[in-house]
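Fold and geometry: a report
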Amino acid sequence: MQSVIQCQMCDPSESKMITDVESGEIICNQCGIVAVQDLEDTNKIWHKAEENTSDTRNGNPSSLTLYDQGLATKISNTNRDASGNVINSMMMTRLNKMRYHDKRSQINKSARNLIRAFRQLDSLKDKLGLTNAVIEKTAYIYRKVQEAGLVRGRKVNTVLCASLYVACREFGIPRTLREISSANNEKYRETARVYRQIVLHLGKKVPQIDLFRYIEKVGKKAKLEEKNIRQALRFLKKVQDAGLSAGKEPMGIVGAVIYLSLPKSDENIRQRVVTQAIIADAAGVSEVTLRNVYKEIEKKISLG
């Protein structure tokens, strides 16, 4: 039996107990004394499950990376009725048919498209080392693109690569479109074309590329020392102040800045043989692009 909570200071016939849900307290309306505190909020359905135990009261949280966002219901696989009794063989046949039709009715053409895209997105998450926030944002952008009808007539993986690149740009993740398309075995030019269509059709304002992040990424990939990366960052600031980075291939600018900032007389650099080919490969551009950009920068900026 539950005990009735009453105020010990006031007359029970004149006072009433008020429950404050936000603070978790039961208060007397006459004297204001707190009779009970730290009440459990029974309205919240989410709770932390103990280790090695299943949370049977709640399912998985909803996510945009699931075709149904984790909100769909299905007929359970347990072969027992509501009372816990085993279902007989005749009813079992009908129940299996109901399960089959229930599963087929929940997956339409749009759902099959999302299932295929998000399965590939999960693979790209591991290949590129992306966070859950970026993956959720990519799923959101892809859903918007599908609602706009831009997936029709195009490869699902190509649209997914373009959506992932938009999400990386919005989060400031140093991943190039060429790198993403290569990880997904898609053609770069086709992915770039779909990316431009997504930006123009949806009217998205994609942030500019942060070249400083790419300097660190390319420098580490080329196995440069930390002092050389810092020197390249300082030199990139001079290039941006001079306005030489506008209208050019971002990775070409990054590769050229790293190559020009390397001290040519440093013995460690000569021993490593850091050539144009190594830097161009780390930046994902051709050696011709690297030479054309660094020659133009070298003419207009003094390296002293």
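What you are looking at is a predicted structure, and each value in this text was computed from that prediction instead of being measured.

Rules behind the numbers
Residues numbered from 1 in each chain as written. Predicted model: local features only at pLDDT ≥ 70, side-chain atom pairs only at ≥ 80, totals over all residues. Heavy atoms only, no water. Helix = DSSP H or I, 4+ residues; strand = E, 2+ residues; numbered from the N terminus. Buried < 20%, exposed > 50% of the residue type's maximum accessible area, 1.4 Å probe, protein only. Contact = heavy atoms within 4.5 Å. Areas by Shrake-Rupley, 256 points an atom, 1.4 Å probe, with all protein chains shown as cover. Arc of directions from axis to C-beta. Phe/Tyr/Trp six-rings, centres within 6.5 Å; stacked < 30°, edge-to-face > 60°. Lys NZ or Arg CZ within 6 Å of the ring centre and 35° of its normal. Salt bridge = Lys/Arg side-chain N within 4 Å of Asp/Glu carboxyl O. Pairing = 2+ DSSP bridges. Core = buried A, V, L, I, M, F, W, Y, C linked by side-chain atoms within 4.5 Å.

1. Some details on the overall build of the protein
In terms of helices and strands, the protein carries 12 helices and three strands. The buried share of the protein, reckoned over its 304 residues, is 34%. Of the contacts made within the protein by residues no fewer than 6 positions apart, 59% connect residues no fewer than 24 positions apart. In the structure as shown, the protein presents an accessible area of about 20,100 Å², 48% of it carried by carbon and sulfur atoms.

2. Some details on helix α7 (residues 211-221)
Within α7 the residues assigned to the buried category are Leu211, Tyr214, Ile215, Val218 and Gly219. The buried residues of α7 occupy an angular sector of 130 degrees when projected down its axis, which confines them to one face. Seen from the open side of α7, the exposed residues pointing more than 90 degrees away from its buried face are Lys220 and Lys221. Where α7 is buried, its residues touch α8 (226-241), α9 (250-261) and α11 (276-283). Immediately beyond the C-terminal end of α7, within one or two residues, lies Lys223, with a positive phi of roughly 60 degrees.

3. So, the packing of aromatic side chains
Two numbers describe a pair of aromatic rings. These are the distance of the centres and the angle of the planes. As enumerated under the stated definition, the model contains three aromatic pairs in all. Considering the side-chain rings of Tyr259 and Tyr294, the 5.1 Å spacing of their centres and the 55 degrees angle between planes classify their relative orientation as tilted. Residue Tyr259 is located in helix α9, and its partner Tyr294 is located in helix α12 (residues 287-300); the two are separated by 35 residues in the primary sequence. Comparing Tyr259 with Tyr294 shows no difference in burial state: the two are buried. Between the NZ or CZ atom of Arg178 and the centre of the ring of Tyr188, over which it lies, the distance is 3.9 Å.

4. A closer look at unusual backbone geometry
When glycine is set aside, most residues are seen to have a negative phi, and most peptide bonds are trans. Within the chain, Asn185 stands out as a residue other than glycine whose phi angle is a positive 55 degrees. If you trace the backbone, Asn185 turns up in the loop between α5 (177-183) and α6 (188-202). Asn185 gets classed as exposed once you look at its relative accessible area, which sits at 68%. Phi at Lys223 takes a positive value of approximately 60 degrees, unusual for a residue other than glycine. With respect to the helices and strands, Lys223 occurs in the loop between α7 and α8. On the basis of relative accessibility, which here comes to 65%, the residue Lys223 falls in the exposed class.

5. Here we look at the pattern of salt bridges
For the coordinates displayed, the defined rule picks out nine salt bridges. Between Glu190 and Arg193 there is a salt bridge, with its nearest N and O atoms 2.4 Å apart. Pair noted here: Glu190 and Arg193 are both in helix α6, with a separation of three residues, about one helical turn. Glu190 sits in the partly exposed class, given a relative accessible area of 31%. According to the relative accessible area criterion, Arg193 is partly exposed, its value standing at 33%.

6. What about the pairing of strand β2 (residues 25-28)?
The alternating pattern of β2 places Ile26 and Cys28 on a buried face and Glu25 and Ile27 on a face that is not buried. Where β2 lies against strand β3 (residues 34-36), two bridges are found, and the strand directions are antiparallel. When the bridges of β3 are listed, Ile27 appears paired with Val34. Remark: five residues form the turn of the hairpin made by β2 and β3, two consecutive strands paired antiparallel; Gly32 in that turn has positive phi of roughly 80 degrees.

7. So, the nonpolar core
In terms of nonpolar packing, the biggest core is built from 34 residues, with Tyr142, Leu164 and Tyr195 touching the most fellow members. Those elements giving two or more residues to this core turn out to be α2 (109-128), α3 (132-147), α4 (156-171), α5 and α6. Other than its neighbours up to four places away in sequence, Tyr195 contacts Ala162, Tyr165, Val166, Arg169, Leu177 and Val206. Ala222, Ile229, Val239 and Val254 belong to the second-largest nonpolar core, a separate cluster that totals 33 residues.

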